Amino acid sequence: MPADFNWAIGGEAGDGIDSTGKIFAQALSRAGRHVFTSKDFASRIRGGYTAYKIRTSVDQVQSVVDRLDVLIALTPRTVEENRDELHDGSVVIYDGSRTTMQGLDLPEGVVGLDVPLNELAEEAGGAIMRNVVALGAACEVSGFPIENLDSALQKRFGDKGTSIVENNEQAARLGRDYVGEEFDHEFDYELETTDADYVLLNGDEAIGMGALAAGCRFYAGYPITPATAVMEYLTGRIEKYGGHVVQAEDELAAINLALGAARAGARSMTATSGPGIDLMAETFGLVATSETPLVIANVMRSGPSTGMPTKQEQGDLNMMLYGGHGEVPRFVLAPTTVSECFWKTVEAFNLAEKYQLPVYLAGDLSLAVTEQTYPPEAFDMDEVEIDRGFVVDEETIADHKTPDGKFKPHEITDDGISPRAFPGTDGGAHMSTGLEHDELGRRTEDTEMRKKQVEKRNRKVETAIEREAFNYREFGDPDADTLVITWGSTEGALVEALSFLEEEGIEARVISVPYIFPRPDLSEAVEAAETTIVVECNERGQFANLVEHDVLERVERINKYDGVQFKADELAEMIQDVLGEPAEKSEVSQ
Amino acid sequence: MSSDVRFTDFKSDKQPTWCPGCGDFGTMNGMMKALANTGNDPDNTFVVAGIGCSGKIGTYMHSYSLHGVHGRALPVGAGVKIANPDLEVMVAGGDGDGYSIGVGHFIHNVRRNVDMTYVVMDNRIYGLTKGQASPTSRADFETSTTPEGPQQSPVNPLALALAAGGTFIAQSFSSDAMRHAEIVQEAIEHDGFGFVNVFSPCVTFNDVDTYDYFRDNLVDVADTDHEPTDRDAAKQKILDSSREYQGVLYRDPAAKTYEESKGLDEPMTEIPDGAPEDAMDLVREFY
Ligand SMILES: Cc1ncc(C[n+]2csc(CCOP(=O)(O)OP(=O)(O)O)c2C)c(N)n1
Ligand code: SF4
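Residues numbered from 1 in each chain as written. Chains lettered and ligands numbered in written order. Predicted model: local features only at pLDDT ≥ 70, side-chain atom pairs only at ≥ 80, totals over all residues. Heavy atoms only, no water.

1. Focus: the overall build of chain B
Now for step 1: Helix and strand counts for chain B stand at 11 helices and 8 strands.
Now for step 2: Expressed as a percentage of its 287 residues, the buried residues of chain B come to 60%.
Now for step 3: Long-range contacts, defined here as pairs at least 24 residues apart, represent 71% of the contacts in chain B between residues at least 6 apart.
Now for step 4: Of the roughly 11,400 Å² of accessible surface on chain B, 47% is carried by carbon and sulfur atoms.
Now for step 5: Averaged over its 22 positive side-chain charges, chain B has a centre that lies 4 Å from the centre of its 43 negative ones. (Helix = DSSP H or I, 4+ residues; strand = E, 2+ residues; numbered from the N terminus. Buried < 20%, exposed > 50% of the residue type's maximum accessible area, 1.4 Å probe, protein only. Contact = heavy atoms within 4.5 Å. Areas by Shrake-Rupley, 256 points an atom, 1.4 Å probe, with all protein chains shown as cover. Lys, Arg positive; Asp, Glu negative; His and termini not counted. Charge placed at Lys NZ, Arg CZ, Asp CG, Glu CD.)

2. Some details on the interface of chain A and chain B
Now for step 1: Counting from both sides, the interface comprises 71 residues of chain A and, opposite them, 52 residues of chain B.
Now for step 2: Taken over both partners, the interface formed by chain A and chain B buries close to 4,900 Å², and the fraction arising from carbon and sulfur atoms is 63%.
Now for step 3: When the area that chain A buries against chain B is broken down by residue, the three leading residues are His244(A), Glu249(A) and Ala429(A), summing to 12%.
Now for step 4: Between Arg112(B) and Glu249(A) there is a salt bridge whose closest N-O contact spans 2.5 Å.
Now for step 5: At 9 residues, the largest contribution of residues to the side of chain A that touches chain B is made by helix H9 (residues 251–264) of chain A. (Buried area = accessible area lost by both parts, 1.4 Å probe. Salt bridge = Lys/Arg side-chain N within 4 Å of Asp/Glu carboxyl O.)

3. Considerations on the site of ligand 2
Now for step 1: Inspection of the region around ligand 2 gives Trp18(B), Cys19(B), Cys22(B), Cys53(B), Asn123(B), Cys202(B), Val203(B), Thr204(B) and Phe205(B) as its neighbouring residues.
Now for step 2: Of the residues assigned to the shell around ligand 2, the class counts are 7 nonpolar, 2 polar and no charged. (Near = heavy atom within 4 Å. Nonpolar A, V, L, I, M, F, W, Y, C, P; charged D, E, K, R; others polar.)

4. Focus: the packing of aromatic side chains
All names here are of chain A.
Now for step 1: According to the stated counting rule, one finds 24 aromatic pairs over all chains in the structure shown.
Now for step 2: Taken together, a centroid distance of 4.9 Å and an interplanar angle of 10° make the contact between Phe284 and Tyr360 stacked. One end of the pair, Phe284, is in helix H10 (residues 274–289); the other, Tyr360, is in strand S13 (residues 358–364), with 76 residues separating them in the sequence. The pair formed by Phe284 and Tyr360 is uniform in burial state, with each residue classed as buried. (Phe/Tyr/Trp six-rings, centres within 6.5 Å; stacked < 30°, edge-to-face > 60°.)

5. With respect to the sheet that holds S13(A)
All names here are of chain A.
Now for step 1: An order of S9-S8-S10-S11-S13-S12-S21 is seen for the 7 strands of this open sheet, with the pairing classed as mixed. Lying at the two open borders of the sheet, with one neighbouring strand each, are strand S9 (244–247) and strand S21 (515–517). Each strand of the sheet is rotated relative to its neighbour by a mean of 20°, with strand direction disregarded.
Now for step 2: Direction of pairing for strand S8 (residues 218–221) relative to strand S10 (residues 268–272): parallel, over a ladder of 2 bridges. If you follow Phe218 over to S10, its bridge partner there is Ser268. (Pairing = 2+ DSSP bridges. Axes fitted to C-alpha atoms, helices over the stretch in contact; angles between N-to-C directions.)

6. Section: a negative patch on the surface
Now for step 1: On the surface, a cluster of negative charge is contributed by Asp88(A), Glu108(A), Asp184(A), Glu186(A) and Asp188(A).
Now for step 2: Considering the arrangement of structural elements, one finds Asp184(A) in the loop between helix H6 (162–182) and strand S7 (199–202). (Patch = residues over 30% accessible without salt bridge, like charges linked within 9 Å, V, L, I, M, F, W, Y side chains within 5 Å.)

7. Details of the domain arrangement of chain A
Now for step 1: Its domain assignment divides chain A into domain 1 (5–197), domain 2 (201–383), domain 3 (397–467) and domain 4 (473–580).
Now for step 2: Each of domain 3 of chain A and domain 4 of chain A has a C-alpha centre, and the two are 41 Å apart. (Domains from an automatic or database assignment.)

8. A closer look at the pairing of S10(A)
Looking along a regular strand, one sees side chains alternate from face to face of the sheet.
All names here are of chain A.
Now for step 1: For S10, a buried count of 5 out of 5 residues is recorded, marking the element as mostly surrounded by other parts of the structure.
Now for step 2: What you see with S10 is no split at all: Ser268, Thr270 and Thr272 on one side and Met269 and Ala271 on the other are buried throughout.
Now for step 3: Where S10 and strand S11 (residues 294–300) come together, 4 bridges link them in parallel fashion. Looking at the pairing, Met269 lines up with Val295 of S11.
Now for step 4: Handedness of the S10-H10-S11 crossover: right-handed. (Right-handed = clockwise from strand over helix to strand, strands pointing away.)

9. Digging into the layout of surface pockets
All names here are of chain A.
Now for step 1: Taken as a whole, the largest pocket spans an internal volume of roughly 770 Å³.
Now for step 2: Contributing to the lining of the largest pocket are 31 residues, with Asp18, Lys39, Phe41, Thr225 and Val369 lying nearest its centre.
Now for step 3: Listed by contribution, the elements that provide at least two residues to the lining of the largest pocket are helix H1 (17–30), strand S2 (34–41), helix H7 (203–213), helix H8 (228–234) and helix H13 (365–369).
Now for step 4: Top element by residues in the lining of the largest pocket is H8. It accounts for 4 residues.
Now for step 5: Partitioned by chemical class, the residues of the lining of the largest pocket number 12 nonpolar, 8 polar and 11 charged.
Now for step 6: Counting only domains with at least three residues in the lining of the largest pocket, you end up with domain 1 (5–197) and domain 2 (201–383). (1 Å grid on protein atoms, 1.4 Å probe; cavity = no way out; pocket = protein on both sides within 12 Å on 5 of 7 lines; lining within 4 Å. Points joined across faces, edges and corners; volume = space filled by probe spheres on them.)

10. A look at the packing of helix H4 (residues 130–142) of chain A against H6(A)
When two helices pack together, their arrangement is given by the angle between the helix axes and by the axis-to-axis distance.
Residue and element names in this part refer to chain A.
Now for step 1: Two elements in contact, H4 and H6, have axes separated by 7 Å at closest approach and are oriented at 45°. Taken together, the axes of H4 and H6 lie oblique to each other. For H4 against H6, the interelement crossing comes out right-handed. Here Val132, Val133, Gly136, Ala137, Glu140 and Val141 of H4 lie close against H6, whose contacting residues are Asn168, Ala171, Ala172, Gly175, Arg176, Val179 and Gly180.
Now for step 2: Across the contact of H4 with H6, the residue classes tally to 7 nonpolar, 4 polar and 2 charged. (Parallel < 35°, antiparallel > 145°, perpendicular 65-115°, else oblique. Left-handed = near helix turned anticlockwise from the far one by under 90°.)

11. Remarks on the site of ligand 1
Now for step 1: Ligand 1 sits among 17 residues. The nearest are Cys53(B), Gly96(B), Asp97(B), Asn123(B) and Gly127(B).
Now for step 2: Positioned at a junction of chains, ligand 1 has nearby residues supplied by chains A and B.
Now for step 3: The backbone of Cys53(B) places a nitrogen or oxygen atom 2.7 Å from an oxygen atom of ligand 1.
Now for step 4: Out of a free accessible area of 590 Å², ligand 1 has 76% covered by protein chains. (Polar contact = N/O pair within 3.5 Å; in protein donor to acceptor, adjacent residues only side chain to side chain.)

12. Digging into the packing of H1(A) against helix H5 (residues 147–157) of chain A
Residues and elements named next belong to chain A.
Now for step 1: It is the contact of H1 with H5, at a shortest axis distance of 8 Å, that shows an interaxial angle of 130°. In this view, H1 runs oblique relative to H5, as classed from their interaxial angle. The interaxial crossing formed by H1 with H5 has right-handed handedness. On H5, the residues touching Ser19, Ile23, Phe24, Gln26, Ala27 and Arg30 of H1 are Asn148, Leu149, Ser151, Ala152, Leu153, Lys155, Arg156 and Phe157.
Now for step 2: Split by residue class, the contact of H1 with H5 holds 7 nonpolar, 4 polar and 3 charged.

13. Let's talk about the environment of Ile238(A)
All names here are of chain A.
Now for step 1: Here Ile238 lies in the loop between H8 and S9.
Now for step 2: Exposure remark for Ile238: the relative accessible area of 0% places this residue in the buried category.
Now for step 3: Placed 125 residues apart in sequence, Ile238 and Leu113 show a C-alpha to C-alpha distance of 46 Å.
Now for step 4: Other than its neighbours up to four places away in sequence, Ile238 contacts Leu212, Cys216, Arg217, Phe218, Gly243, His244 and Val245.

14. Digging into the environment of Tyr94(A)
Residue and element names in this part refer to chain A.
Now for step 1: Mapped onto the secondary structure, Tyr94 falls in strand S5 (residues 91–94).
Now for step 2: Linking Tyr94 and Val79, residues 15 residues apart in sequence, is a C-alpha distance of 9.5 Å.
Now for step 3: Contacts of Tyr94, omitting those with residues within four sequence positions, involve Ala73, Thr99, Thr100, Met101, Gly112, Leu113, Asp114 and Val115.

Put into structure tokens, the structure is as follows:
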């Protein structure tokens with residue numbers, strides 16, 4: 001595997017860290033390199049440490065590692081925060097007029113490049129371009145031809161006029177030349193380019209794109225990190241397809257607006273994060289009981305309460321599975337990669353309409369903010385199929401009426417799926433309610449009907465298990481003694497951890513589960529393995545508990561709940577610890 | 001839509017379980033008359049109801065409908081209307097439902113000005129939970145949870161609506177059947193959020209705001225020289241706590257509906273069998 005290269009820019013929030021990182025990531029992607037980005041950000045708008053990290057290779061990269069080759073440090077804090085990831089040969093680009101490397105205890109062999117970023121930016125036309133000067137310097141250090149930067153600069157600044165683009169191109173060149181001329185140093189890196197075409201996007205964008213591909217026409221939401229980007233993506237795009245986004249007054253309104261649109265017959269969704277899911281819980285029950293198709297994306301972050309809004313966690317699984325009073329069927333899907341965010345969103349809309357129930361789409365912060373490269377075919381729109389389920393029209397509705405001509409929206413059927421009539425359909429007028437109801441949707445407390453409706457709603461789940469392929473993804477050695485199971489965004493790190501483990505002579509079978517409920521049967525795989533480890537970003541092992549429940553066997557657990565996603569190399573060590581000596585690391589339990 | 005729709009077509013075959021004499025009977029009849037008079041029929045009408053005695057109205061009417069959760073009927077109605085502007089959308093609930101738990105949605109739906117009708121059956125008490133103070137209860141109104149009265153000034157829903165930029169603000173009395181139906185009809189005909197607060201007495205738990213009280217104290221603005229498009233005049237009447245008014249207090253015929261300002265006029269119900277034809281362009285945006 002060709003060496004991967006790890007790059008970061010860090011500074012204070014408000015320093016333009018994000019857009020600078022994005023320009024470099026785009027330049028790499030357009031130069032045919034794979035990219036995996038991650039963000040370190042605090043919950044504040046100005047001030048506070050922020051970093052944008054890029055891992056790149058000509059091979060696919062799917063996680064972060066604990067290493068930095070080139071770091072652009074706009075503040076001393078940036079160097080401190082990343083000290084442990086620097087190594088002999090790492091390069092730190094900084095502006096001596098603003099930042100110092102003095103007095104920092106750095107690993108031996110770290111090369112500091114004092115580049116007058118501000119001064120050179122002003123020479124190119126304005127201090128605002130100082131980050132772009134730094135990008136130029138980074139190009140020189142990493143042997144990345146600066147021309148690759150130009151199209152990314154064009155994309156970023158094209159709207160602002162050609163002279164702005166040209167000034168930025170000039171700024172980058174000044175940075176490159178300064179490093180070339182002033183430093184007599186051979187750098188180890190040579191970022192090759194390839195002819196491959198990639199697109200670069202994050203999980204929230206993929207969810208939004210999946211919604212558009214699936215024919216979503218209505219979105220209502222209330223801004224919350226890290227789900228807001230879904231709404232931002234849809235705003236301005238959904239209108240092209242005749243749809244609409246409402247920024248609601250709160251999450252209670254958001255889910256109720258989405259519910260109304262869904263009942264009117266539109267494909268409808270909302271997205272939020274944990275605190276918003278809490279607020280939606282009551283209406284969630286109504287969605288399920290009134291058998292309304294609705295997609296609810298929960299882009300998880302650290303909880304409980306306001307927790308750590310800008311940090312990673314997979315802590316809301318129990319809430320999505322069990323949240324809400326009473327017992328109602330729901331599906332819970334959890335995409336494992338950025339591209340799966342797209343495909344699982346499409347699937348969520350189909351499942352919601354086929355089974356007329358709410359579908360949770362469980363993303364998480366890592367997926368949401370991580371940008372990843374894919375060949376465009378990874379989102380082959382010809383593969384998108386739309387199934388609206390059991391919808392009746394003016395003619396077919398006749399088969400679903402009582403002898404005296406009343407439509408039965410909650411008809412008791414063998415597969416549990418009842419006919420759906422969009423409002424406006426002649427002869428279909430009916431009510432629905434969160435109260436227990438009969439086949440006509442009318443309130444009832446009749447004991448037999450109550451049982452029938454409860455069973456009918458639950459029967460849809462049985463039907464889905466029969467008809468759908470709720471399977472898992474598999475990596476590594478299928479015959480290995482060690483089985484590692486995970487769900488959600490941890491897949492990438494785990495897949496990469498495999499190669500670290502191989503170097504240590506450890507083979508493992510990896511199963512990544514994108515369906516939490518209903519979920520695939522894992523008992524055979526667990527029985528075949530000597531050791532089963534479940535890896536997830538929470539403390540309780542919420543998915544591990546489900547696995548134990550399903551297979552009636554204890555499993556080992558690796559849990560991380562410090563707010564940071566798993567890194568491939570770190571995860572490999574944790575797995576080794578579980579397999580070998582008793583764990584010393586505090587994050588590893590059992 | 002057919003022209004031979006009668007208001008009884010909007011009646012379901014469920015017999016209301018409201019207490020005999022409850023104001024909600026008259027409120028509902030007026031709503032059904034208004035719907036029929038405006039040329040609607042059950043198959044193009046969507047009624048969203050809240051929770052409370054008032055919220056049971058969805059059960060007793062016949063149309064497409066959803067009986068929601070407590071206080072959240074308005075956003076459901078807005079979602080229905082935005083997704084299918086061809087439907088006639090009517091939302092109904094009580095004063096607790098609308099001005100207590102749901103007051104946030106009330107303000108924001110007034111602001112949003114989606115073209116729908118909101119009817120609040122205001123009995124100044126919580127009926128369904130058996131007689132606790134509501135936000136419109138008088139400060140000295142003694143109830144099981146407020147033995148000395150709430151000791152808070154009651155909410156003035158019309159003033160809230162006016163302050164939030166309401167474009168149609170009216171009040172009616174359920175037992176003045178003709179006027180009530182007329183006023184609801186005007187609300188339906190209004191392009192925008194038509195809000196009607198209906199005095200709908202609770203004969204079981206409220207012995208203060210009774211039929212007699214309203215009969216004695218109600219002034220119909222139609223009998224005065226009130227000009228509903230005059231916002232200052234409306235403000236004066238709405239803030240006048242010495243009497244109860246019925247009629248259209250305020251109307252802004254020029255205001256743009258939410259749908260107009262967002263360019264929404266087509267139902268969102270039809271979608272293709274697969275991704276849109278130009279969907280690969282969405283992917284290419286990420287180059
Ligand atoms: C979340 C929630 N909280 C409380 C209740 C109990 N509850 C039902 S109706 C109601 C008040 C109804 O008062 P109002 O809206 O004035 O309607 P009325 O019964 O007087 O017509 C309450 C508190 C509920 N159903 N849901
Ligand atoms: S309790 Fe009051 S509001 Fe409820 S039905 Fe009886 S009279 Fe009507």
